[in-house]
Amino acid sequence: MELGGPWAWLLGLPTAVVYGSLALFISVLHNVFLLYYVDTFVSVYKINKAAFWVGETVFLLWNSFNDPLFGWLSDRQFLSSQPRSGAGLSSRAVVLARVQALGWHGPLLALSFLAFWVPWAPAGLQFLLCLCLYDGFLTLVDLHHHALLADLALSAHDRTHLNFYCSLFSAAGSLSVFASYAFWNKEDLSSFRAFCVALAACSGLGFVGTTRLLRRRVEAAGREPGCPALAVDGGLGEEELLVGGKEPGGITLGQYLRQLARHRNFLWFVGMDLVQVFHCHFNSNFFPLFLEHLLSDHISLSMGSFLLGISYVAPHLNNLCFLPLCRHWGVYAVVRGLFLLKLGLSLLMLLAGPDHLGLLCLFLASNRVFTEGTCKLLTLVVTDLVDEDLVLNHRKQAASALLFGMVALVTKPGQTFAPLLGTWLLCFYTGHDLFQQPPLTPVGSAEPWPEPPAPPPARAPTLRQGCFYLLVLVPITCALLQLFTWSQFTLHGRRLRMVKAQRQNLARAQTLDVKTV
């Protein structure tokens, strides 16, 4: 059925806008999830500490291994295609498969989001099941969405153009954090639940509509010679690039892992990104705590809510400024500059102390904004690693989703370590246990980790002091580790230009092979 009437203008939207709008439907759910899921289970459902840590530990394993698992299931057909009658998979077929997967998994992500906000099982069991279910669908959506970035465009300029719209729509989706404050009430979640149902409905319907539109664009680009190319750089225009035509078979998972183990830039990148993921989620998990104990006596409740909300929106808006810098200076230089800025601001804050409230407010906001902004830029680095992987291993088709999955295998543990290590450090330094209401010395009970010894009460640092040192020492440590690992990464400058040129030459050669068949 063709779109007509008032909806016909949708067909004329640029591909970058259609692709970027998918980020809106992810962001509108995920930011609310990050902000409220821990508070809901700890403060509302009263999950005990042992169940919380067991759930996070199981989630750590699932969160790490589902990315390469789903990536392999998605991309093994591209690596192992055995064409018949001289026909292979096309680049357009790869894109269509990813778009179709987004159309199914997006609405399922919205449904799994709703499972958090109504108690339907014992708190520990519900915590575990909800986390694993939600993260499974989020992984599927993220893998295919990120893989499309590498499949729709090749040049750095076109990929930053696509990423620009992702940041723009992600910022719009983050506005759901502001709206959530009007509905959040720990004593009565009924209004908040209705709000979450509305968010899930908008997200699910958005995924369905956007993927249908994107699929229509892909199919139209193949049927109509006069139709504008789907890809930003024209890679999916009138000519289909057949892949797998000369491969008698594909590679095994073991062979693929051995190839990655020899991919030097991949190894240094995931080491740096592990620290980055940890720092991003540390900020997300503890930002409300820092606001409460460092600034609550000096700013109003509405001001605190505003700071918390803007911390989710500003990284995306800030990224809109970083992307032009990436086009001019390259992603490598911009990311290195952000690491240096993080280190410099943290050292300045450590020297100033917690009583300089203006500087403290600035540091709280900038630390989160720049850290999250760096995370957004690293997606572009992974697409460059996809290109290098294809060139180094002479692949017929880029295994985009699989490489994104392998990156997540190594880096996603940082997401789980952030709340565990943060709560443990705070308890170790101050004796304050976030799971105790009020914070008293816990009664002996079975726990997955031994309870850290609390300092003597007379000499124990205050909770405010503990929060301050946690706030500044974590980014200092992260910045030093990242500057070292990033200095070993060589996929930039001349080497990156060589990789891009070789991939373009490979694409032209394969296209000529197709034309001669």
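Residues numbered from 1 in each chain as written. Predicted model: local features only at pLDDT ≥ 70, side-chain atom pairs only at ≥ 80, totals over all residues. Heavy atoms only, no water.

> Quick question: what am I supposed to make of the packing of aromatic side chains here?
In this description, a pair of aromatic rings is defined by centroid distance and the angle of the planes. This structure, assessed with the given rule, holds 32 aromatic pairs. On the basis of an interplanar angle of 35° and a centroid distance of 5.0 Å, the ring pair of Phe282 and Phe286 is categorised as tilted. With Phe282 and Phe286 both in helix H8 (residues 264-295), this residue pair falls four residues apart, about one helical turn. Overall, the relative accessible area of 3% leaves Phe286 in the buried class. Ring centres of Phe322 and Phe370 lie 6.3 Å apart, and the angle between their planes is 40°; this geometry places the pair in the tilted category. You can see Phe322 sitting in helix H9 (residues 301-329) and its partner Phe370 sitting in helix H11 (residues 357-392), a full 48 residues away along the chain. Residue classification places Phe322 among the buried residues on the basis of a relative accessible area of 8%. One cation-aromatic arrangement involves Lys49 over Trp53; the distance from NZ or CZ to the ring centre is 5.2 Å. (Phe/Tyr/Trp six-rings, centres within 6.5 Å; stacked < 30°, edge-to-face > 60°. Helix = DSSP H or I, 4+ residues; strand = E, 2+ residues; numbered from the N terminus. Buried < 20%, exposed > 50% of the residue type's maximum accessible area, 1.4 Å probe, protein only. Lys NZ or Arg CZ within 6 Å of the ring centre and 35° of its normal.)

> Is there a simple way to explain the confidence of the model for the protein in this structure?
A low pLDDT score tells you not to read the predicted coordinates there in detail. Per-residue confidence for the protein averages 78 on the pLDDT scale, and 79% of its residues sit at or above 70. No element of the protein has a lower mean pLDDT than strand S2 (residues 242-243), at 38, and none a higher one than helix H10 (residues 331-352), at 93. A low-confidence stretch, residues 233-248 stays under pLDDT 50, and its non-local contacts, those more than four residues away or across chains, total 49 contacts. Per-residue pLDDT stays below 50 along residues 512-517; that stretch engages in four contacts with residues further than four places along the chain or on separate chains. (pLDDT = per-residue confidence, 0-100. Contact = heavy atoms within 4.5 Å.)

> I tried to follow the state of the cysteines on my own but got confused; where do I start?
One way to say it: the disulfide is the covalent bond shared by the sulfur atoms of two cysteines. One pass over the full model with this rule turns up one disulfide. One disulfide in the model links Cys280 with Cys375; its S-S distance is 2.2 Å. When the S-S torsion is 105°, as for the bridge of Cys280 with Cys375, the disulfide is right-handed. Placement of the pair is Cys280 in helix H8 and Cys375 in helix H11, with a sequence separation of 95 residues. With a relative accessible area of 3%, Cys280 lands in the buried category. (Disulfide = S-S within 2.5 Å.)

> Sorry, what's going on with a nonpolar patch on the surface here?
A cluster of nonpolar side chains, namely Val118, Trp120, Leu125 and Leu129, defines an oily patch on the protein surface of about 370 Å² accessible area. Within the fold, Leu129 resides in helix H4 (residues 123-152). (Patch = residues over 30% accessible without salt bridge, like charges linked within 9 Å, V, L, I, M, F, W, Y side chains within 5 Å. Areas by Shrake-Rupley, 256 points an atom, 1.4 Å probe, with all protein chains shown as cover. Salt bridge = Lys/Arg side-chain N within 4 Å of Asp/Glu carboxyl O.)

> I'm lost on helix H13 (residues 413-430) in this one. Help?
Helical geometry: 3.6 residues make up each α-helical turn, so side chains three or four residues apart lie on a common side. Under the 1.5 Å per step criterion, the end-to-end length of H13 is 26 Å for 18 residues, consistent within 8% with the ideal 26 Å. What H13 keeps buried is the set Pro413, Gly414, Gln415, Thr416, Ala418, Pro419, Leu420, Gly422, Thr423, Leu426, Cys427 and Thr430. (Expected span 1.5 Å × (residues − 1).)

> Please explain the pattern of salt bridges as it appears in this structure.
Any two side chains of opposite charge can pair, on the condition that their charged atoms come close. A full pass over the atoms with the stated rule returns ten salt bridges. Residue Asp151 is joined to Arg98 by a salt bridge in which the shortest nitrogen-to-oxygen separation is 2.6 Å. Placement of Asp151 in helix H4 and of Arg98 in helix H3 (residues 91-114) is noted, with a sequence separation of 53 residues between them. On the basis of relative accessibility, which here comes to 14%, the residue Asp151 falls in the buried class. In the salt-bridge network here, residues are joined through shared partners; they are Arg159, Asp384, Asp387 and Lys500.

> How should the packing of H11 against helix H12 (residues 400-411) be read in this particular structure?
The interhelical angle for the contact between H11 and H12, taken along N-to-C directions, is 125°, at an axis separation of 10 Å. By the angle between their axes, H11 is oblique relative to H12. Two packed elements cross with a definite hand, and for H11 against H12 that hand is right-handed. In this structure, H11 contributes Thr379, Val382, Thr383, Leu385 and Val386 to the contact, and H12 contributes Ser400, Leu403, Phe404 and Val407. Across the contact of H11 with H12, the residue classes break down as six nonpolar, three polar and no charged. (Axes fitted to C-alpha atoms, helices over the stretch in contact; angles between N-to-C directions. Parallel < 35°, antiparallel > 145°, perpendicular 65-115°, else oblique. Left-handed = near helix turned anticlockwise from the far one by under 90°. Nonpolar A, V, L, I, M, F, W, Y, C, P; charged D, E, K, R; others polar.)

> Help me understand the side chain of His145 in this model?
You can see His145 is positioned in helix H4. Overall, His145 belongs to the buried group, its relative accessible area being 4%. With near-sequence residues (within four places) excluded, His145 lies in contact with Tyr19, Leu22, Ala23, Ile26, Leu102 and Cys166.

> How should the nonpolar core be read in this particular structure?
It is characteristic of soluble globular proteins that their nonpolar side chains tend to be buried jointly. Within the largest apolar cluster, 107 residues are counted, with the highest numbers of intra-cluster contacts made by Phe113, Phe116, Phe192, Phe269 and Trp486. The leading source of residues in this core is helix H1 (residues 15-44), at 18 residues. Every residue in contact with Trp486, bar those within four places of it in the chain, is listed here: Phe269, Met272, Tyr332, Val335, Arg336, Phe339 and Val381. Counting 25 residues, the second-largest nonpolar core is a separate cluster that includes Phe282, Phe286, Leu291 and Cys478. (Core = buried A, V, L, I, M, F, W, Y, C linked by side-chain atoms within 4.5 Å.)

> Teacher, can you tell me more about the packing of H1 against H4 here?
Helices that pack against each other are described as a pair by the angle of their axes relative to one another and the distance between those axes. Contact geometry of H1 with H4 gives a least axis separation of 11 Å together with a crossing angle of 160°. Taken together, the axes of H1 and H4 lie roughly antiparallel to each other. Here the hand of the crossing between H1 and H4 comes out left-handed. Its residues assigned to classes, the contact of H1 with H4 shows 17 nonpolar, five polar and one charged.

> I keep staring at the environment of His144 and nothing clicks. Help me out?
Turning to its location among the elements, His144 is positioned in helix H4. Judged by relative accessible area, which is 7%, His144 ranks as buried. Between the C-alpha atom of His144 and that of His105, which follows or precedes it by 39 residues, the distance is 9.9 Å. When sequence neighbours within four positions are dropped, the list of residues in contact with His144 reads Ser74, Arg98, Ala101, Leu102 and His105.

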